[in-house]
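The primary structure of each chain is shown beneath.
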Amino acid sequence: MFFGFSQGPRRRGHGHGHGRGHTTFYYTNFGGQRQQAGQGQGQGQDQQQQKGGLVYILQFLPLILLLLSSVFFSSGWQDESLYSFQPNYKFNQRRLTRRLEIPYWVQPDFARKYSAPRDLAKVESDVEENYMRALYRECETAKAQSEKLRRTASYYSGRDREKLLQMAGDVDLGSCVRLTELNQQAKRRY
């Protein structure tokens, strides 16, 4: 088909041989023949409305699937946690990882369910990895807080400056110290 300049779609006026309210479009193909394109407002519009409903549903299909999957997974189909870093009514049996001796709490039936060395090693690896990530986040947050106080102090003088610098020095960096210790311990064990 050729669409361009004077050989593009040509519109014939309303009502020419097709009944009231219909519009017919024509185009010229490569052979120069004029062909009808479109069926006016009658049955073509009905077909478009049917297709339009389907297109409308298809446009929202990803959103519908996302909502359904979130409902599906939040209704108990996902794995529940195997451990906690804090004791509570559900996780009340204290354990230590073998490699880094990180404390974690499990349910009373944990030892029976994870008696195979390979399964236990996988859980303990997960515990250590998550614990180290949490320490890293805490450490980075504490360092950023301390640095922000130091930068703010640089805009002040006298007692205000001293007070801000004291506050920056008092920020608890215990998570950074613990992270460094665990990293050194992990290197020694390998």
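Computed from a prediction, not measured in an experiment: that's the story for all the values here.

Before going further, it helps to spend a moment on the overall build of the protein chain. Helix and strand content of the protein chain: five helices and five strands. When its helices and strands are written in sequence order, the protein chain yields β-β-β-α-β-β-α-α-α-α. For the protein chain, contacts bridging at least 24 residues in sequence account for 35% of all contacts bridging at least 6. Accessible area for the protein chain stands at about 14700 Å²; split by element, carbon and sulfur atoms hold 53% of it.

Our focus in this paragraph is the side chain of Glu 124. Among the structural elements, Glu 124 can be located in helix 3 (residues 117-153). The charged side chain of Glu 124 is buried without a salt bridge, its nearest counter-charge being Arg 95 at 4.3 Å. With near-sequence residues (within four places) excluded, Glu 124 lies in contact with Arg 95, Leu 96, Thr 97, Arg 98 and Tyr 104.

To continue, consider the state of the cysteines. This model, assessed by the stated rule, comprises one disulfide. The disulfide bridge from Cys 139 ends at Cys 176, spanning 2.0 Å between sulfur atoms. As the torsion about the S-S bond is roughly 105°, the Cys 139-Cys 176 disulfide counts as right-handed. Of this pair, Cys 139 sits in helix 3 while Cys 176 sits in helix 5 (residues 174-189), placing them 37 residues apart in sequence. For the pair Cys 139 and Cys 176, a shared accessibility class is recorded, and that class is buried.

Turning our eyes to something else, we now look at the confidence of the model for the protein chain. Across the protein chain, pLDDT averages 77, with 64% of residues at or above 70. Averaged over each element, pLDDT in the protein chain is lowest for strand 1 (residues 10-12) (46) and highest for strand 5 (residues 103-106) (97). Scored below 50 in pLDDT, residues 1-19 shows 35 contacts in the model against residues more than four places distant or in partner chains.

Here we come to the side chain of Glu 128. Assignment of secondary structure puts Glu 128 in helix 3. With relative accessibility at 5%, the residue Glu 128 sits in the buried group. There is a polar contact of 2.9 Å between the side chain of Glu 128 and the side chain of Thr 97. With sequence-adjacent residues up to four places away left out, Glu 128 is seen in contact with Thr 97, Arg 99, Leu 100 and Ile 102.

As a packed pair, helix 3 and helix 5 sit with axes 8 Å apart at the nearest point and diverge in direction by 140°. The angle between helix 3 and helix 5 falls in the class oblique. Handedness of the crossing formed by helix 3 with helix 5: left-handed. Residues Tyr 131, Met 132, Leu 135, Tyr 136, Glu 138, Cys 139 and Lys 143 of helix 3 touch helix 5, and the partners they reach there are Ser 175, Cys 176, Arg 178, Leu 179, Leu 182 and Asn 183. When grouped by side-chain class, the residues that make up the contact of helix 3 with helix 5 number eight nonpolar, two polar and three charged.

Let us look at the pairing of strand 4 (residues 93-96). Here strand 4 runs beside strand 5; their pairing, made up of four bridges, is antiparallel. Considered in strand 5, the bridge of Arg 95 is made with Tyr 104. Following strand 4, the chain reverses through six residues before pairing antiparallel with strand 5; Glu 101 in that reversal takes a positive phi of roughly 55°.

Thresholds applied
Residues numbered from 1 in each chain as written. Predicted model: local features only at pLDDT ≥ 70, side-chain atom pairs only at ≥ 80, totals over all residues. Heavy atoms only, no water. Helix = DSSP H or I, 4+ residues; strand = E, 2+ residues; numbered from the N terminus. Contact = heavy atoms within 4.5 Å. Areas by Shrake-Rupley, 256 points an atom, 1.4 Å probe, with all protein chains shown as cover. Buried < 20%, exposed > 50% of the residue type's maximum accessible area, 1.4 Å probe, protein only. Lys, Arg positive; Asp, Glu negative; His and termini not counted. Salt bridge = Lys/Arg side-chain N within 4 Å of Asp/Glu carboxyl O. Disulfide = S-S within 2.5 Å. pLDDT = per-residue confidence, 0-100. Polar contact = N/O pair within 3.5 Å; in protein donor to acceptor, adjacent residues only side chain to side chain. Axes fitted to C-alpha atoms, helices over the stretch in contact; angles between N-to-C directions. Parallel < 35°, antiparallel > 145°, perpendicular 65-115°, else oblique. Left-handed = near helix turned anticlockwise from the far one by under 90°. Nonpolar A, V, L, I, M, F, W, Y, C, P; charged D, E, K, R; others polar. Pairing = 2+ DSSP bridges.

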